[in-house]
Amino acid sequence: MSVAINPSILSADFANLQHELERISTADAAHIDVMDNHFVPNLTWGPPVVKRLREVSPVPFDVHLMIDDPDRWAPQYADVGSESVTFHAEAATAPIKLARTLRESGAKAGLALRPATAVEPYLDLLTEIDMLLIMTVEPGFGGQKFLDVTLPKIRRAASALEGSGIPVRLQVDGGITEETIVRAAEAGADCFVAGSSVYGAEDPQAAIAALRSLGKRARKKRRPHSYTGINISDECSCS
Ligand code: DX5
Ligand code: ZN
């Protein structure tokens, strides 16, 4: 799959959001972080604001819901015109039902995992989703440091996706910079959320272009791993 760069408007100037969306017109999508002060200790915006912003945005919306009870609230974000809606596995009661509802509403369905949530229990759900989001920081705030401890999980998820042949995007979110995008892409991610490194740059479009080219180069170099579910140390050395 091609490399996608989705800047997070969490690091944008909230007094000028239309202008801030125009500054990332070369992005693949705008990443919209929805927080409810319950699932995470931070609060952003809800459906009416997302609806109006979508009307003036030059790029599609990739909505990331960091909220409790997404089963109840997520469909509204599909209804206001978001191209994809991602909810957290830790918060959803019926993730399969919710993913199907989102797809029926015309949005792509994404499933997000906090850094310490294992991917393996969700691998049977790959046919139900369009994107798997592996958080590379604890959700809640922009500007945090990329957690290298998530790299093995990205590798395992990428191998499982490649092995299955199911076209699911592998997104990473948190601490993505010109340095960490290389590690995440080599591990197998193909969709990169970047907040502070894009909006903190003097020229956000140049930052997007630089991230895209680094991500592409790293993906070209990578050799897909084959995931067998067996640790190297568990393998027998049969002669
Ligand atoms: C964190 C959010 C991220 C955040 C990324 O909870 O989900 O999307 O905006 O910001 P940076 O790129 O600054 O880590
Ligand atoms: Zn996010």
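Residues numbered from 1 in each chain as written. Chains lettered and ligands numbered in written order. Predicted model: local features only at pLDDT ≥ 70, side-chain atom pairs only at ≥ 80, totals over all residues. Heavy atoms only, no water.

Engineer: What am I meant to see in the coordination of the zinc ion (ligand 2) here?
Structural biologist: The reference angle at a metal is 109.5 degrees if four donors form a tetrahedron and 90 or 180 degrees if six donors form an octahedron. Looking at the metal site, the zinc ion (ligand 2) is ligated by His31 (NE2), Asp33 (OD), His64 (ND1) and Asp173 (OD), spaced 2.1 to 2.3 Å from it. Because the angles between the six donor atoms bound to the zinc ion (ligand 2) fall within 71 to 172°, the donor set is best described as octahedral. Within one chain, the residues donating to the zinc ion (ligand 2) are spaced in sequence as H-x1-D-x30-H-x108-D. Placement of Asp33 in strand β2 (residues 30-35) and of His64 in strand β3 (residues 61-66) is noted, with a sequence separation of 31 residues between them. The exposure class assigned to Asp33 is buried, which follows from its relative accessible area of 4%. Relative accessible area serves as the criterion here: at 0%, His64 is assigned to the buried category. (Donors = N, O, S within 2.8 Å, 3.2 Å for Na, K, Ca; no water. Tetrahedral: all angles 85-135°; square planar, octahedral: opposite > 155°, others 65-115°. Helix = DSSP H or I, 4+ residues; strand = E, 2+ residues; numbered from the N terminus. Buried < 20%, exposed > 50% of the residue type's maximum accessible area, 1.4 Å probe, protein only.)

Engineer: Hey, could you run me through the UniProt feature "active site" (unreviewed entry) in the protein chain in this one?
Structural biologist: Here the UniProt-annotated "active site" (unreviewed entry) positions come out as Asp33 and Asp173. The greatest C-alpha distance among the residues just named is 10.5 Å, despite their covering 141 residues of sequence, which places them together in space. Tracing the chain through its elements places Asp173 in strand β7 (residues 169-173). Non-local contacts of Asp173, meaning those with residues more than four positions away in its chain, are made with His31, Asp33, His64, Leu133, Ile134, Met135, Thr136, Val137 and Val193. Polar contacts involving the side chain of Asp173 include one to the side chain of His31, which spans 3.2 Å. (UniProt positions renumbered as here; feature names shortened; annotations may be inferred. Contact = heavy atoms within 4.5 Å. Polar contact = N/O pair within 3.5 Å; in protein donor to acceptor, adjacent residues only side chain to side chain.)

Engineer: Hey, could you run me through the site of ligand 1 in this one?
Structural biologist: In the region of ligand 1, 19 residues are neighbours, and Gly140, Gly143, Asp173, Gly195 and Ser196 sit closest. Take Gly143: an N or O atom from its main chain is 2.8 Å from an oxygen atom of ligand 1. At 2.8 Å, a backbone N or O of Gly175 approaches an oxygen atom of ligand 1. About the coverage of ligand 1: the protein hides 100% of its 380 Å² of free accessible area. Taken together, the elements giving at least two residues each to the shell around ligand 1 come down to β2, β3 and β8 (191-194). In terms of residue class, the shell around ligand 1 is made up of seven nonpolar, 10 polar and two charged. (Near = heavy atom within 4 Å. Areas by Shrake-Rupley, 256 points an atom, 1.4 Å probe, with all protein chains shown as cover. Nonpolar A, V, L, I, M, F, W, Y, C, P; charged D, E, K, R; others polar.)

Engineer: Got a minute to help me understand unusual backbone geometry in this structure?
Structural biologist: One non-glycine residue, Asn37, lies in positive phi territory at about 70°. Structurally, Asn37 can be placed in the loop between β2 and α2 (47-56). According to the relative accessible area criterion, Asn37 is partly exposed, its value standing at 45%. Residue Asp69 is not a glycine yet carries a positive backbone phi of 50°. Structurally, Asp69 can be placed in the loop between β3 and α3 (70-79).

Engineer: For this particular structure, what's the right way to read the sheet that holds strand β5 (residues 108-113)?
Structural biologist: Strand pairing in a sheet relies on backbone hydrogen bonds, with the paired strands running either antiparallel or parallel. Taken together, the eight strands give an open sheet; going across it, the order is β1-β8-β7-β6-β5-β4-β3-β2, and neighbouring strands pair in parallel fashion. In this open sheet, the two strands that pair with only one neighbour each are β1 (4-7) and β2. Taken over all neighbouring pairs, the strand axes of this sheet differ in orientation by 25° on average, direction set aside. (Pairing = 2+ DSSP bridges. Axes fitted to C-alpha atoms, helices over the stretch in contact; angles between N-to-C directions.)

Engineer: So what exactly am I meant to see when it comes to the pairing of β2 here?
Structural biologist: Within a regular strand, the side chains alternate between the two sheet faces. The buried fraction of β2 is high, at six of six residues. Burial along β2 is two-sided: Ala30, Ile32 and Val34 and His31, Asp33 and Met35, pointing in opposite directions, are all buried. Here β2 pairs with β3 via six bridges, running parallel. Bridge pairing links Asp33 to His64 in β3. Between the parallel pair β2 and β3, the chain is carried across by α2, and the sense of this crossover is right-handed. (Right-handed = clockwise from strand over helix to strand, strands pointing away.)

Engineer: Would you mind going over the UniProt feature "binding site: a divalent metal cation" (unreviewed entry) in the protein chain with me for this structure?
Structural biologist: Cross-referencing UniProt, the feature "binding site: a divalent metal cation" (unreviewed entry) maps to His31, Asp33, His64 and Asp173 in the present numbering. The greatest C-alpha distance among the residues just named is 10.5 Å, despite their covering 143 residues of sequence, which places them together in space. Among residues more than four places away in sequence, those in contact with Asp33 are Ser8, Leu10, Thr44, Trp45, His64, Met66 and Asp173. For His64, the contacting residues outside a window of four places in its chain are His31, Ile32, Asp33, Val34, Thr86, His88, Ala112, Leu133, Met135 and Asp173.

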